[in-house]
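Spelled out from the first residue to the last, the chains are:
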Amino acid sequence: MKKQLFKVLTVVLLFPFCNGFSQDLYTYENSKKFGEYLLKSGQFDLATKEYERLVFLNSSNDSLKLNLIKAYRLSGKFDTGLLRVSQLYPETAEMPFPHAMEYSKILMNKRSFPEAVSFWNESKSIPAEDKILLKTTTLIFDSKFKNAQAQLSQFGNVQNPLAAGYQSILDRGLNGKKKSPFLAAALSTIVPGTGKAYTKNWKDGLISFVFVGVMAFQSYRMFNKHGINDARGWIYGTIGTGFYIGNIYGSAKSANDYNRKKINTLQHEASALFNTYY
């Protein structure tokens, strides 16, 4: 009985303090700190919810709106982020520069390049030089290196680190040696596997050379030993011929893959430069 009375008194005495602590936890300033913590700790999905509540409490605060848009971008909720931008800033051309950049990044992550270019053309907060850099970025990401070079040539500040980095990437992309799919196929037509070796795919090239050679030798051996009507000779020959033809196609594909990997490497480098600069 005494123990139960003690528990009741404890709850009654501590309840006001617990209630006050709970209310203090959800004050506006503490919520802002909590939202910042969620962003910095990578809890982006929770950050969107916290900043939605904060924006509701203070809809005129541009810093909260910026963090909300950023949280949607980092959480990968691009469509929701775009929708919220249109609701927060019905006149997207009037958005402040930081918000316009977050909006741009969402569009670029969605690969909505035409929509992004249209937005940059209309934006009143993004400087002309930044528009050139942004357009160059999308063209590099879209593997349009010649167009990117033409766009970047409009940029006057050669000392700009992003422009200088992009120029290096474009020089390597436009002037770097590429592998010819036609030549790769031709080489493998003459000597199986050499087309893949030409594209630095030495292992597959050696396998192709050995396998086609073995099938051809086995077919010749069967025909030479048992005559032209020997089924085993035709089986080996058919398998070898099929692999030989597939190797020619595979060599051309290997050249395209080689070129694609080089472009992907340059695009990853451009992405790193972009994220460092903006």
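Just so it is clear, the structure is predicted and the values come from calculations on it, not from any experiment. (Residues numbered from 1 in each chain as written. Predicted model: local features only at pLDDT ≥ 70, side-chain atom pairs only at ≥ 80, totals over all residues. Heavy atoms only, no water.)

Novice: What exactly am I supposed to notice about the overall build of the chain here?
Specialist: Within the chain one finds 14 helices and zero strands. The C-alpha atoms of the chain give 32 Å as radius of gyration, which overshoots the globular expectation for 278 residues (19 Å, by more than 25%). In terms of overall dimensions, the chain has C-alpha extents of about 105 × 70 × 30 Å along its principal axes. Burial statistics for the chain: of 278 residues in total, 37% are counted as buried. Side-chain charges in the chain split into 35 positive and 21 negative, and the spacing between the mean points of these groups amounts to 11 Å. (Helix = DSSP H or I, 4+ residues; strand = E, 2+ residues; numbered from the N terminus. Rg over C-alpha atoms; globule rule 2.2 N^0.38 Å. Buried < 20%, exposed > 50% of the residue type's maximum accessible area, 1.4 Å probe, protein only. Lys, Arg positive; Asp, Glu negative; His and termini not counted. Charge placed at Lys NZ, Arg CZ, Asp CG, Glu CD.)

Novice: How should I be thinking about the pattern of salt bridges in this particular structure?
Specialist: Where side chains of opposite charge bring their charged atoms close, a pairing between them can arise. A complete count under the given rule lists 10 salt bridges for this structure. Linking Glu-102 and Arg-73 is a salt bridge whose minimum nitrogen-to-oxygen distance equals 2.5 Å. Pair noted here: Glu-102 is in helix α6 (residues 97–109) and Arg-73 is in helix α4 (residues 62–74), with a separation of 29 residues, a long-range link. We classify Glu-102 as buried; its relative accessible area is 8%. Residue Arg-73 is classed as buried on the basis of its relative accessible area, which comes to 15%. Through salt bridges with shared partners, a single network forms among Arg-111, Asp-142 and Lys-144. (Salt bridge = Lys/Arg side-chain N within 4 Å of Asp/Glu carboxyl O.)

Novice: Please explain the packing of aromatic side chains as it appears in this structure.
Specialist: To describe a pair of aromatic rings, you give the distance between the ring centres and the angle between the ring planes. This structure, assessed with the given rule, holds four aromatic pairs. Measuring from ring centre to ring centre gives 6.3 Å for Phe-34 and Tyr-37, while their planes differ by 20°; the resulting arrangement is stacked. Pair noted here: Phe-34 and Tyr-37 are both in helix α2 (residues 28–40), with a separation of three residues, about one helical turn. The exposure class of Phe-34 is partly exposed, given its relative accessible area of 42%. (Phe/Tyr/Trp six-rings, centres within 6.5 Å; stacked < 30°, edge-to-face > 60°.)

Novice: Quick question: what am I supposed to make of helix α3 (residues 44–57) here?
Specialist: The α-helix advances 3.6 residues per turn, and as a result positions three or four apart in sequence lie on the same side. With 14 residues, α3 extends 20 Å from end C-alpha to end C-alpha; this agrees with the ideal 20 Å at 1.5 Å per step. Those residues of α3 that fall on the buried side of the exposure criterion are Ala-47, Thr-48, Glu-50, Tyr-51, Leu-54 and Val-55. Tucked inside the fold, the buried residues of α3 contact α2, α4 and α5 (78–88). (Expected span 1.5 Å × (residues − 1). Contact = heavy atoms within 4.5 Å.)

Novice: Looking at this structure, how should I read the nonpolar core?
Specialist: Side chains that are nonpolar tend, in soluble globular proteins, to be buried together. The biggest cluster of nonpolar side chains holds 46 residues, and the ones touching the most others in it are Phe-119, Leu-134 and Tyr-166. Here Phe-119 is in contact with Thr-92, Met-95, Ala-100, Tyr-103, Ser-104, Leu-107 and Ile-126, once residues within four sequence places are set aside. (Core = buried A, V, L, I, M, F, W, Y, C linked by side-chain atoms within 4.5 Å.)

Novice: Help me understand helix α7 (residues 113–122), please; the structure alone is not making it clear to me.
Specialist: Every buried residue of α7 is accounted for by Phe-113, Ala-116, Phe-119 and Trp-120. The buried side chains of α7 occupy one side of the element, clustering within an arc of 120° when seen end-on. As for α7, its buried residues are in contact with α6 and α8 (128–141). (Arc of directions from axis to C-beta.)

Novice: Sorry, what's going on with a nonpolar patch on the surface here?
Specialist: A contiguous nonpolar patch, built from Ile-190, Val-191, Leu-206, Phe-209, Val-210 and Val-214 and spanning about 550 Å² of accessible area, is present on the exposed surface. With four residues, helix α13 (residues 202–226) is the largest single contributor of residues to the nonpolar patch. Relative to the helices and strands, Val-214 resides in helix α13. (Patch = residues over 30% accessible without salt bridge, like charges linked within 9 Å, V, L, I, M, F, W, Y side chains within 5 Å. Areas by Shrake-Rupley, 256 points an atom, 1.4 Å probe, with all protein chains shown as cover.)

Novice: Is there a simple way to think about the packing of helix α10 (residues 161–175) against helix α14 (residues 231–277) in this case?
Specialist: Packed helices, taken two at a time, are described by the angle their axes make and the gap between the axes. Viewed as axis vectors pointing N to C, α10 and α14 meet at an angle of 175°, and their least axial separation amounts to 10 Å. Judged by the inter-axis angle, α10 sits roughly antiparallel to α14. Here α10 contributes Pro-161, Leu-162, Gly-165, Tyr-166, Ile-169, Arg-172 and Gly-173 to the contact with α14, which in turn contributes Leu-266, Glu-269, Ala-270, Leu-273, Phe-274 and Tyr-277. Here the contact of α10 with α14 is composed, by residue class, of nine nonpolar, two polar and two charged. (Axes fitted to C-alpha atoms, helices over the stretch in contact; angles between N-to-C directions. Parallel < 35°, antiparallel > 145°, perpendicular 65-115°, else oblique. Nonpolar A, V, L, I, M, F, W, Y, C, P; charged D, E, K, R; others polar.)

Novice: Before we go on, may I ask you to explain the layout of surface pockets in this structure?
Specialist: Taking a probe equal in size to a water molecule and rolling it over the atoms shows the remaining empty space. Estimates place the volume of the largest pocket at around 270 Å³. Elements supplying a minimum of two residues to the lining of the largest pocket: α6 and α14. At four residues, the largest contribution of residues to the lining of the largest pocket is made by α14. (1 Å grid on protein atoms, 1.4 Å probe; cavity = no way out; pocket = protein on both sides within 12 Å on 5 of 7 lines; lining within 4 Å. Points joined across faces, edges and corners; volume = space filled by probe spheres on them.)

Novice: So what exactly am I meant to see when it comes to the confidence of the model for the chain here?
Specialist: When pLDDT is low, close inspection of the predicted coordinates is not appropriate. Residues with a pLDDT of 70 or more make up 91% of the chain, whose mean pLDDT is 87. The lowest-confidence element of the chain is helix α1 (residues 2–25), averaging 45 in pLDDT; the highest-confidence one is α6, averaging 97. Low pLDDT (under 50) marks residues 5–23, which in the prediction has zero contacts with non-local residues, meaning those over four places away or in another chain. (pLDDT = per-residue confidence, 0-100.)

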